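Each chain, written out:
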Amino acid sequence: METVRRKLEHIEICLEKRVISKHRAFDDLILLHRALPEIDESDVSTECMFLNRRLSAPLMISAMTGGHPDAREINANLAIAAQETGIAIGVGSQRAALEHPDLEDTFSVVRELAPDVPVVGNIGAVQLRRYGPEVLDRVAEMVDADAVAVHLNFLQESVQPEGEKHAAGVLESLKEARFRLPIIVKETGAGIPFEDARMLVDSGIKIIDVAGAGGTSWSMVEAYRAELRGDAESKEIGMLFAEWGIPTPVSVIECSRAGAQVISSGGVRSGIDVARSIALGAFMAGAALPLLAPATKGSAAVVSVLQRFVRELRISMFLTGSRSIQELGRVPMIITGRTREILEQRGIDTKIFSSKR
């Protein structure tokens, strides 16, 4: 039951400890304000399509939890809120339910309570390599998924003493996976660079969820887990790698340039961050940690956060003169600070973002 116990510890740590990065890369991004937007606020539509379903906004409840009895209520509240607001939702890693089928309802409850929105299943790249492509069907059927995310979490696995550090052959496993649904390759807090995104696109992967540095640090989470068991060395290593990774805005740009459809996650904390993500080249944005504590209180608390996100996105669109998500993608963006330095070191001219439209 090691996997099940770990899931509960992750929830408790994320609720009780500060587990977010010190660096807020989204603060380096400035959307060009239009003093004369020449549209009415009522002209703005935040609607979009994702996985052949219409959403109220390009927003997704990112993979969070499941696989422990206490997680069922959290997922139920998230699902009710997703259904009510018309927002997509992803479930946490379904590995625990594969190992313990009695836990399947901690995941399947999501589709039961959110029948009309996109639901994204979730399995680790290590499990895909181990069990083969048939595991995708198993996790998809469990939640009646519209797509399955294959997550990459080798930073987290490296810090865990019990972690699985088998990365060889993952790309080949993805190439061999002939699956009836879209596969989304998803990082878990460390981002994806152009080099890897290009290999994924060349292998047939169309959608990448960057889950970059700047949000929840799973290395930090594992450091706190190490502290619980008195493992001083693992705690120190976890904290050392707490800021490791590619900032989300950088990863969004690099994966977009590689030809992927990009979901921006990792540090998305407001509707303004959603708008910034779209202007950078993403077509969706995802958030998890801002919704976890509300999900322990009830679905209404989650709905309140999601509605605020959508309102903030709508205001951002109005103030940039964007009637649609497509127009928002053409809004000029000024990139400053550390993000600009990283992009320029990577050979990307940031001036092209300030001269859009």
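Refer to the structure printed above.
The shown structure was predicted, so the numbers you read here are calculated from the model rather than taken from an experiment. (Residues numbered from 1 in each chain as written. Predicted model: local features only at pLDDT ≥ 70, side-chain atom pairs only at ≥ 80, totals over all residues. Heavy atoms only, no water.)

A. How the structure looks around the pattern of salt bridges. Scanning all chains against the criterion turns up 23 salt bridges. The closest approach of N and O atoms between Arg24 and Asp273, which form a salt bridge, is 3.1 Å. Highlighted residues: Arg24 in the loop between α1 (2-16) and β1 (29-31) and Asp273 in helix α13 (residues 271-280), separated in sequence by 249 residues. Of the residues examined, Asp273 reaches a relative accessible area of 0% and is grouped as buried. The closest approach of N and O atoms between Arg346 and Glu254, which form a salt bridge, is 2.7 Å. Of the two residues, Arg346 sits in the loop between α17 (337-345) and α18 (351-354) while Glu254 sits in helix α12 (residues 248-257), which places them 92 residues apart along the sequence. (Salt bridge = Lys/Arg side-chain N within 4 Å of Asp/Glu carboxyl O. Helix = DSSP H or I, 4+ residues; strand = E, 2+ residues; numbered from the N terminus. Buried < 20%, exposed > 50% of the residue type's maximum accessible area, 1.4 Å probe, protein only.)

B. Here's a closer look at the environment of Gln326. Residue placement: Gln326 occurs in helix α16 (residues 325-328). Taking relative accessible area as the criterion, Gln326 reaches 54% and is therefore assigned exposed. The spacing of Gln326 and Ile272 is 54 residues in sequence and 16 Å in space, taken between C-alpha atoms.

C. Inspection of the pairing of strand β8 (residues 183-187) at higher detail. Burial analysis of β8 places 5 of its 5 residues in the buried class, which makes it a mostly covered element. Residues Ile183, Val185 and Glu187 point to one face of β8 and Ile184 and Lys186 to the other, with burial holding for every one of them. Relative to β8, strand β7 (residues 147-152) is paired through 5 bridges, and the arrangement is parallel. Pairing of Val150 across the sheet is with Val185, part of β8. (Pairing = 2+ DSSP bridges.)

D. Structural context of the sheet that holds strand β10 (residues 261-265). With parallel pairing, the 8 strands of this closed barrel are ordered in space as β4-β5-β6-β7-β8-β9-β10-β11. The sheet shows a mean angle of 25° between the axes of neighbouring strands, taken without regard to direction. Pairing analysis gives 3 bridges linking strand β4 (residues 59-61) to strand β11 (residues 284-287), with the strands arranged parallel. Of the residues in β11, the one forming a bridge with Met60 is Gly286. Relative to β10, α12 is tilted by about 175°, and along the sheet it contacts β9 (207-209) and β10. (Axes fitted to C-alpha atoms, helices over the stretch in contact; angles between N-to-C directions. Contact = heavy atoms within 4.5 Å.)

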